[in-house]
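Listed below are the residues making up each chain.
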Amino acid sequence: MRLVTTNLTFKDVQPKLKELVDTMFKTVPSGVGSRGFVDANKSQFKEIMTDGSKWCVENGYGWQEDLERTEGHGRIDWAEPEKVSSKAIERGIKQLGTLGSGNHYLEIQIVKAENIFDEELAKKFGIHTSEQVVVMVHCGSRGFGHQIGTDYLRIFEGMMKKYNIEVYDRELACAPFQSNEGQDYYKAMACAANMAFSNRQVILHRIREGFSKVFKTEAEKLDMHMVYDVAHNIAKLEEHTIDGHKKKLVVHRKGSTRAFPPHHPELAKIFKETGQPVIIGGSMETGSFLLVGTQKAMDETFGSTAHGSGRTMSRAAAKRQVRGEQLQKDMEKRGIYVKATSMPGLAEEAGFAYKNITDVIDAVSQAGISKPVVGLKPVGNIKG
Amino acid sequence: MNINNDKTKYKFLEDIAIADIAFEAYGKDLNELFENAALAIFELSADLDTVDASKKVEFELENNKLDNLLYDFLSEILFLKDSKYMVFKHAHVIIEEGKKNKLKAVLEGDKINPEVQSLENDIKAITMHMFELKKEKNNWKATVVVDI
């Protein structure tokens, strides 16, 4: 999940909203079998697997400052491409710069005065005024990461007997962390994470290009700074305090997101005083939130919080309630211009199919595991 | 996705996975079951009326477990989507059971082109969640949950 600011207000963007969304709909491909604009060869893809966002910035797809605003500087250093199958590479090599489908999106959002919950922190994160326009991206490592998952799921399944491990669901196949298989997977998974950081990094580059083209102004002059980029599905070795003792643990955040407090040693200097920005995505009709990590998350939830609103309705049930074309028209009437590669896919993502995001934010806020900073309302959306 | 598909071949299950999509596939023998499970994947990926069957992809797989062979077969379809940019309409499968079960598959479809095909779900992975292949009386049945 990635959030980027602009110094534009809704008044600036409204007349050009369609042009902006249509431009990025073309430059950030989405949907089944889409190919990205970064035509990486095998040796470049290997560098992407090991260097993540650093490779992107060095190759002209981003700004140096983007790195410190990304979880782990957008690069996990224990990645080993030798642990990734050639099949996974073949599946992912042309996907850099693609959005995917399902619940992935690129969204233009606005800040409303009544949704600024912590003015001081909002300013520190680059959100200064009501009506300010920001852009949010939700996507990951695409088929590449899933192929790695598929490959190791099958390897682990064959190994569990050896390690005397039983699980209730075959999807939970696993191996001891220190075993050869466990370590191989940990190194391969890091390649997927680096690909995901890179994917969002090159998409950010396209977003900056898109705004720059439509507003005929350089992205730098539009203050298109990243607020933060945080992973939604990753396992990492981290130090946590258990019963008063510091321990190294593997924290797997699946469908959750990191929420580190101020002064956490893993945070970049710019976030030492504020704590880590946290991005929680809602449905395309209701909006999303920027929050900040807390000490309570560190104490109670291994430095983690929720990652999104979550569905309450199956995809088929959502499609029975509304047609994509109708939803698109209805949303436009309500001021949200949405483009999608698949109309049934759009219907599946209708706001009513998701939990109320405000309830989710209230829950994490009351639990004290992250603190709301700003609520963001969608005005333009690209769906896969 | 046409929800009123031929329910003797496969059926989408709603109450299993809210964020993902689950289906059951059926067959009087293993060949038919594998073909019908593939059809469910094809139908999730595109409106099949818009997919031409002009190109063929052939491959072979083997595995000593039949259910893992099905998992690998369905995963191969996703691999072909992302690496060869193929979307499919028909599947022909021949399975030889043995110590190593062998599969020969011929898939018919076309290169992905959003201008021509009405594309739907970009399936990310076949999961092992509730994954099952079993024989019930004289028919085979598989349960599959795909990650969307």
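Since the model is a prediction, treat every value here as computed from it, not as a measurement.

A. Inspection of the overall build of chain A at higher detail. Secondary structure summary: chain A contains 14 helices and 12 strands in total. For chain A, the C-alpha radius of gyration of 20 Å lies close to 21 Å, the compact-globule estimate for 384 residues. For chain A, the spread of C-alpha atoms along the three principal axes comes to 60 × 45 × 45 Å. Within the span of chain A, comprising 384 residues, buried residues form 60% of the whole. Considering only residue pairs separated by 6 or more positions, chain A has 78% of its internal contacts joining residues 24 or more positions apart. Accessible surface, chain A as shown: approximately 15600 Å² in total, 50% of it carbon and sulfur. The distance from the centre of the 53 positive side-chain charges to the centre of the 48 negative ones in chain A is 4 Å.

B. Local environment of the interface of chain A and chain B. Each side of the interface is counted separately: chain A has 37 residues, and chain B has 36 residues. Here chain A packs against chain B, burying approximately 3200 Å² in sum over the two surfaces, 50% of which is carbon and sulfur. Inspection of the chain A/chain B interface yields seven salt bridges. Looking at the side of chain A that touches chain B, the elements with two or more residues in it are α6 (86–92), α8 (142–159), α11 (315–321) and α13 (343–348) of chain A. If one sorts the elements of the side of chain A that touches chain B by residue count, α8 of chain A sits on top with eight residues.

C. Fine view of the nonpolar core. In this structure, F144 of chain A together with F34, L70, F73, L103 and V146 of chain B are the most contacted members of the largest nonpolar core, which totals 90 residues. Those residues in contact with V146 of chain B that sit more than four places away from it in its chain are D20, I21, F23, I41, L44, I123, A125, I126 and T127 of chain B. Counting residues in each nonpolar core, the second largest holds 31 residues, with F10, V13, V28 and Y337 of chain A among its members.

D. Broad picture of the pairing of strand β9 (residues 288–293) of chain A. All names here are of chain A. For β9, the buried fraction is high: six of the six residues fall into the buried class. In this sheet, β9 lies alongside strand β8 (residues 277–280) in antiparallel orientation, the contact comprising four bridges. In the sheet register, I280 faces β9, and the bridge partner there is F289. Bridge count for β9 against strand β12 (residues 370–383) is six bridges, and the pairing is antiparallel. Bridge pairing in β12 places L290 opposite V374.

E. The arrangement of the pattern of salt bridges in detail. Inspection of every chain in the model, using the stated rule, returns 43 salt bridges over all chains. As a salt-bridge pair, D66 of chain A and R208 of chain A come within 2.8 Å of each other at their nearest N and O atoms. Taken as a pair, D66 of chain A in helix α5 (residues 64–68) and R208 of chain A in helix α9 (residues 180–215) lie far apart in primary sequence, 142 residues in all. One exposure class covers both D66 of chain A and R208 of chain A, and it is buried. A salt bridge links E90 of chain A to K84 of chain B; its shortest N-O distance comes to 3.0 Å. Placement of E90 of chain A in helix α6 and of K84 of chain B in helix α2 (residues 66–84) is noted, with the two residues assigned to different chains. Its relative accessible area of 33% is what places E90 of chain A among the partly exposed residues. Owing to a relative accessible area of 38%, K84 of chain B belongs among the partly exposed residues under this scheme. A single network of salt bridges, built from pairs that share partners, joins R311, R315, K319, E348, E349 and K383 of chain A.

F. Up close: unusual backbone geometry. Residues and elements named next belong to chain A. Look at R142: it is not a glycine, yet its phi comes out positive at around 60°. Residue position: R142 is located in helix α8. Under the relative-accessibility criterion, R142 is labelled buried at 9%.

G. Main features of the side chain of S34 of chain A. All names here are of chain A. Looking at where S34 falls in the secondary structure, it is placed in the loop between α2 (17–27) and α3 (42–51). When its relative accessible area of 9% is taken as the criterion, S34 is described as buried. Not counting residues up to four positions away in its chain, the partners in contact with S34 are P29, K94, Q95, T98 and R142.

H. Structural context of the packing of aromatic side chains. Taken as a whole and assessed by the stated rule, the structure comprises 18 aromatic pairs over all chains. Their ring planes at 75° and their centres at 5.8 Å tell us that Y10 of chain B and F12 of chain B sit as a pair that is edge-to-face. Overall, the relative accessible area of 16% leaves F12 of chain B in the buried class. Aromatic ring contacts, followed pair by pair, group F37, W55 and Y61 of chain A into a single cluster. The ring of F79 of chain B is capped by K87 of chain A, whose NZ or CZ atom sits 4.9 Å from the centre of that ring. In this structure, R206 of chain A is placed above the aromatic ring of F37 of chain A, and the distance from its NZ or CZ to the ring centre is 3.8 Å.

I. Highlighting the sheet that holds strand β5 (residues 101–111) of chain B. Residues and elements named next belong to chain B. Read from one edge to the other, the open sheet built from three strands follows the order β3-β5-β4, with strand pairing classed as antiparallel. Looking along the sheet, the strands with just one partner apiece sit at the ends: β3 (55–63) and β4 (86–96). Put simply, the sheet's adjacent strands are angled 20° from each other on average, direction ignored. Across 10 bridges, the pairing between β4 and β5 is antiparallel. Following the sheet pairing, A91 is matched in β5 by L107. Lying on the sheet, helix α1 (residues 30–45) is in contact with β4 and β5; it crosses β4 at an angle near 165°. On the sheet, α2 packs against β3, β4 and β5 and is oriented at approximately 145° with respect to β3.

J. Seen up close, the packing of α8 of chain A against α9 of chain A. Residues and elements named next belong to chain A. Interhelical geometry of α8 versus α9 gives an angle of 170° and a closest axis separation of 9 Å. Comparing the axis directions of α8 and α9 gives the class roughly antiparallel. Every residue of α9 that contacts α8 at R142, F144, G145, I148, Y152, I155, F156 and M159 is listed here: E181, G182, D184, Y185, A188, M189, C191, A192, M195 and N199. Along the lines of polarity and charge, the residues of the contact of α8 with α9 split into 12 nonpolar, three polar and three charged.

Analysis parameters
- Residues numbered from 1 in each chain as written.
- Chains lettered and ligands numbered in written order.
- Predicted model: local features only at pLDDT ≥ 70, side-chain atom pairs only at ≥ 80, totals over all residues.
- Heavy atoms only, no water.
- Helix = DSSP H or I, 4+ residues; strand = E, 2+ residues; numbered from the N terminus.
- Rg over C-alpha atoms; globule rule 2.2 N^0.38 Å.
- Buried < 20%, exposed > 50% of the residue type's maximum accessible area, 1.4 Å probe, protein only.
- Contact = heavy atoms within 4.5 Å.
- Areas by Shrake-Rupley, 256 points an atom, 1.4 Å probe, with all protein chains shown as cover.
- Lys, Arg positive; Asp, Glu negative; His and termini not counted.
- Charge placed at Lys NZ, Arg CZ, Asp CG, Glu CD.
- Buried area = accessible area lost by both parts, 1.4 Å probe.
- Salt bridge = Lys/Arg side-chain N within 4 Å of Asp/Glu carboxyl O.
- Core = buried A, V, L, I, M, F, W, Y, C linked by side-chain atoms within 4.5 Å.
- Pairing = 2+ DSSP bridges.
- Phe/Tyr/Trp six-rings, centres within 6.5 Å; stacked < 30°, edge-to-face > 60°.
- Lys NZ or Arg CZ within 6 Å of the ring centre and 35° of its normal.
- Axes fitted to C-alpha atoms, helices over the stretch in contact; angles between N-to-C directions.
- Parallel < 35°, antiparallel > 145°, perpendicular 65-115°, else oblique.
- Nonpolar A, V, L, I, M, F, W, Y, C, P; charged D, E, K, R; others polar.

In short, shape yes, function no, at least from these values alone.
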